[in-house]
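Here's the letter readout for the chains.
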Amino acid sequence: MFGISRQAYYKRIHKIFDEENKHAQVINLAKPIRREQSRIGTLKVYKMIKPSLDKMQINIGRDRFYDVMRDHAMHIRRKKNYVKTTNSNHRFRKHPNLIKGNVYTRSKKLLHSL
């Protein structure tokens, strides 16, 4: 059937099911930590739950843990780091917008008309 044996087909289905169960157990261990400290890093969460994973005989590495956390939207999204550079509420004179309301038919017409 489709170039694979029946045994390989069902073995793959069982493997996917087992991986989903392992991932669910990992998420169940990580959720309370994230609920208590929402901004704690993923590596630190991994190190905190690693002994529990060893007791449950779940072998998952750091990179796979990152992937599982990302797949379940439990990774930390970076905060936007920017500086607001425009301040229109100042005491200095503000020039009017000469472009607003005009329609230009050719390219570079704006540069010549001002």
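Before reading on, note that the structure itself is shown above.
Heads up: these notes are all about the structure in this document.

## Describing the pattern of salt bridges
Right, on to step 1. The tally for this structure, following the rule as stated, stands at 3 salt bridges.
Right, on to step 2. In this structure, K50 engages D54 in a salt bridge whose closest nitrogen and oxygen atoms are separated by 3.5 Å. Of this pair, K50 and D54 are both found in helix α2 (residues 42–55), 4 residues apart, which corresponds to roughly one turn of the helix.
Right, on to step 3. Given the relative accessible area of 25%, K50 is considered partly exposed.
Right, on to step 4. For the salt bridge of D67 with R70, the shortest nitrogen-to-oxygen distance reads 3.0 Å. Placement of the pair is D67 and R70 together in helix α3 (residues 62–71), with a separation of 3 residues, close to one helical turn.
Right, on to step 5. Classification of D67 as partly exposed rests on a relative accessible area of 34%.

## Re the packing of aromatic side chains
Right, on to step 1. Summed over the entire model, instances satisfying the criterion amount to 2 aromatic pairs.
Right, on to step 2. Note on Y9 and Y10: the rings are 5.0 Å apart at their centroids and 85° apart in plane angle, and the pair reads as edge-to-face.
Right, on to step 3. For Y9, a relative accessible area of 34% corresponds to the partly exposed category.
Right, on to step 4. A residue is classified by how much of its surface remains accessible, and Y10, at 44% relative accessible area, is partly exposed.
Right, on to step 5. Ring geometry for Y46 and F65: centres 5.3 Å apart, planes at 45°, overall tilted. Of this pair, Y46 sits in helix α2 while F65 sits in helix α3, and the two are 19 residues apart along the sequence. For the pair formed by Y46 and F65, the shared burial category is buried.
Right, on to step 6. Its guanidinium or amino end placed over the ring of Y82, K80 lies 5.1 Å from that ring's centre, counting from NZ or CZ.

## Here we look at α2
Right, on to step 1. Counted at 1.5 Å a residue, the expected span for α2 with its 14 residues is 20 Å, and the 20 Å between its end C-alpha atoms agrees.
Right, on to step 2. All of the buried residues along α2 are T42, V45, Y46, I49 and L53.
Right, on to step 3. Summarising the contacts, the buried residues of α2 are in contact with α1 (6–36) and α3.
Right, on to step 4. Just downstream of α2 lies Q57, where phi reads positive at about 60°.

Calculation notes
Residues numbered from 1 in each chain as written. Predicted model: local features only at pLDDT ≥ 70, side-chain atom pairs only at ≥ 80, totals over all residues. Heavy atoms only, no water. Salt bridge = Lys/Arg side-chain N within 4 Å of Asp/Glu carboxyl O. Helix = DSSP H or I, 4+ residues; strand = E, 2+ residues; numbered from the N terminus. Buried < 20%, exposed > 50% of the residue type's maximum accessible area, 1.4 Å probe, protein only. Phe/Tyr/Trp six-rings, centres within 6.5 Å; stacked < 30°, edge-to-face > 60°. Lys NZ or Arg CZ within 6 Å of the ring centre and 35° of its normal. Expected span 1.5 Å × (residues − 1). Contact = heavy atoms within 4.5 Å.

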